[in-house]
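Listed here are the chains, written in short residue letters.
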Amino acid sequence: MNEMTSARFLQPAYSPALQQFLARKPRLFINNEWVESSHGALLDVEDPSSGKVIGQIVDASDADVDRAVAAARLAFDDGRWSGLAPMQRERVMHRLADLLEAHADELSEIEAVDNGKPKGMAAAVDVPGAISQLRFMAGWASKIGGETTAPYTMPGGTVFSYTLREPVGVCAQIVPWNFPLLMACLKIAPALAAGCTIILKPAEQTSLTALRLADFVAEAGVPAGVLNIITGNGHTAGDRLVRHPDVDKVAFTGSTEIGKLINRTATDTLKRVTLELGGKSPVVIMPDVDVAAASAGAAGAIFFNSGQVCVAGSRLYAHRSIFDRVIEGIAEASAFWAPRPSLDPDGHTGPLVSQEQFNRVMGYIEAGKRDGASVAVGGDAPAADGYYVNPTVLVNVNPQMSVVREEIFGPVVVAQRFDDLDEVAKAANDTCFGLGAGVWTKDVATLHRLASKIKSGTVWGNCHGVIDTALPFGGYKESGIGREQGRQGVDAYLETKTVIVQL
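Residues numbered from 1 in each chain as written. Predicted model: local features only at pLDDT ≥ 70, side-chain atom pairs only at ≥ 80, totals over all residues. Heavy atoms only, no water.

The 7 strands lie next to each other as β13-β14-β15-β12-β11-β16-β17, forming an open sheet whose pairing is mixed. Every other strand in the sheet has two partners, leaving β13 (374–377) and β17 (458–461) as the edge strands with one partner each. On average, each strand axis in the sheet is inclined to that of its neighbour by 25°, with strand direction left out of account. For strand β16 (residues 436–440) and β17, the ladder comprises 4 bridges, and the chain directions are parallel. By the bridge assignment for β17, Ala437 is matched with Val459. Helix-sheet contacts for helix α12 (residues 323–334) involve β11 (282–285), β12 (315–319), β13, β14 (392–395) and β15 (412–418), and the interaxial angle to β12 is about 135°. (Pairing = 2+ DSSP bridges. Helix = DSSP H or I, 4+ residues; strand = E, 2+ residues; numbered from the N terminus. Axes fitted to C-alpha atoms, helices over the stretch in contact; angles between N-to-C directions. Contact = heavy atoms within 4.5 Å.)

Pasting the structure below:
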């Protein structure tokens with residue numbers, strides 16, 4: 001590494017608060033207490049910007065998982081949370097949001113160092129997003145109710161019938177490493193609003209903000225056992241949670257491969273399941289656009305968060321008449337997204353989360369080259385100790401290539417030409433995924449026509465990756481089961497009971 005490259009990728013010093021947090025003894029948060037693991041196994045915590053080990057977390061044992069589930073089971077069965085007045089549950093959730101807001105800068109630094117994303121991005125997106133999830137869902141605690149319904153086959157006045165909406169019970173929530181705190185709050189907020197109890201397992205690569213969140217749970221007034229946070233490997237602690245007979249629902253965000261395993265395993269006990277899985281989202285750019293604006297938008301769609309986004313715009317379809325100009329525009333925009341250490345105040349994106357992810361992404365780039373793709377931008381990794389990959393655009397690809405068909409989860413976009421609307425709609429749908437899609441055009445009719453044709457849980461027009469807590473989010477096909485956020489997100493944590501009383 002030469003001196004210039006080395007200086008560019010030098011991670012700035014951690015704050016004293018972060019250093020103190022990292023020095024804490026690894027523990028699990030069960031029943032509102034920090035407890036020791038039953039077996040003492042630990043996992044290393046790495047800073048992806050340097051590749052250095054900066055701390056450790058507990059690798060929860062089966063006994064640890066069982067203890068957390070037992071706490072959640074008891075807390076649900078005795079009604080200490082679901083039995084509270086909705087107004088009280090709402091107030092507790094707002095207090096938890098207040099505490100996150102008061103510690104926003106600290107949480108942003110923890111997220112940046114743990115995940116690799118820029119601290120400024122965590123401060124602008126992740127932490128406010130987490131707070132918004134809690135605040136929005138807090139309002140739903142007081143708006144959950146059933147209805148009275150007149151029977152169809154019985155004379156009027158002979159029965160009184162109505163429905164109740166009740167919490168589904170004990171929920172195991174397993175969240176990914178790309179937006180750790182945001183995804184944790186996206187999961188816990190609707191479950192808390194519904195009156196459920198929770199065992200949250202953050203990704204083993206990025207558990208730090210979930211552990212800091214645990215510090216605020218009791219302070220906010222969440223009763224013991226209602227929200228338990230355990231760390232550990234997915235194939236051990238996560239699997240134990242999914243199989244546990246006292247868990248009523250599993251909510252998982254992550255890869256389609258693991259989601260399928262969870263769905264099969266949960267079938268044994270018919271657990272309720274919500275899955276938000278992978279994507280290979282198309283971005284369609286029509287010939288009538290402002291090419292500079294659309295190119296910048298397409299670059300952000302794939303390079304934001306180093307491409308580690310489930311809805312990343314990883315398949316670009318630009319009209320043949322503007323294709324070359326779009327590629328030039330993305331090439332220019334890629335400089336803005338050049339990776340830097342997560343605490344570099346001038347950085348807009350950081351390294352990939354781990355050595356494993358770095359190897360995966362670089363392996364796909366090399367596979368694309370072997371299959372005949374050409375590199376228009378990037379295609380390499382800077383010389384540095386962290387897990388950095390340069391923004392990459394591959395052209396001269398075809399639909400059979402692995403880089404076109406499979407989710408890479410890195411800053412890699414494959415670009416293809418098209419000529420007409422039906423052709424590009426067919427190409428956009430030529431995937432097992434259906435999570436997100438973007439359409440860039442000045443023609444409203446074209447936008448709506450494509451939105452109706454593309455099989456995707458979300459279609460964005462002249463933007464990409466815009467997420468709001470009030471709007472349902474989820475996928476078609478192998479991109480998932482169910483919806484999160486909005487009213488649908490609360491419904492996912494409720495059962496419907498029918499009551500019929502003969503008069």
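Now for the domain arrangement of the protein. By domain assignment, the protein separates into domain 1 (19–277 + 480–499) and domain 2 (282–461). On a C-alpha basis, the centres of domain 1 and domain 2 stand 31 Å from each other. Every contact between the two is made by 24 residues of domain 1 and, on the other side, 25 residues of domain 2. Carbon and sulfur atoms make up 60% of the surface buried where domain 1 meets domain 2, a total of about 1,900 Å² over both sides. Between the two partners, domain 1 and domain 2, sit 0 salt bridges. In this structure, the connection of domain 1 to domain 2 is made through 9 residue pairs in polar contact (both at pLDDT 80 or more). Per-element accounting of the side of domain 1 that touches domain 2 gives the leading share, 4 residues, to helix α5 (residues 104–115). Of the residues contributing to the side of domain 1 that touches domain 2, the split by class is 9 nonpolar, 9 polar and 6 charged. (Domains from an automatic or database assignment. Buried area = accessible area lost by both parts, 1.4 Å probe. Salt bridge = Lys/Arg side-chain N within 4 Å of Asp/Glu carboxyl O. Polar contact = N/O pair within 3.5 Å; in protein donor to acceptor, adjacent residues only side chain to side chain. Nonpolar A, V, L, I, M, F, W, Y, C, P; charged D, E, K, R; others polar.)

Next up on the list: helix α7 (residues 180–194). For α7, which comprises 15 residues, the first-to-last C-alpha distance of 22 Å matches the rise-based estimate of 21 Å (1.5 Å per residue) to within 8%. Counting buried residues in α7 gives 15 out of 15 residues, a clear majority hidden from the surface. Positive phi shows up at Gly195, right after α7, with a value of about 100°. (Expected span 1.5 Å × (residues − 1). Buried < 20%, exposed > 50% of the residue type's maximum accessible area, 1.4 Å probe, protein only.)

Turning our eyes to something else, we now look at the pattern of salt bridges. Working definition: two side chains of opposite charge can pair if their charged atoms are close together. All told, the structure shown has 27 salt bridges when counted by the stated rule. Residues Arg165 and Asp491 are paired through a salt bridge, measuring 3.6 Å at the closest nitrogen-oxygen approach. With Arg165 in strand β5 (residues 159–167) and Asp491 in helix α17 (residues 486–491), this pair connects stretches of sequence that are 326 residues apart. Here Arg165 falls in the partly exposed class, since its relative accessible area comes to 23%. Take Asp491: its relative accessible area is 28%, and that puts it in the partly exposed class. For Arg243, the salt bridge identified is with Asp239, shortest N-O distance 2.8 Å. Of this pair, Arg243 and Asp239 are both found in helix α9 (residues 234–243), 4 residues apart, which corresponds to roughly one turn of the helix. On the accessibility criterion, Asp239 (27% relative accessible area) is partly exposed.

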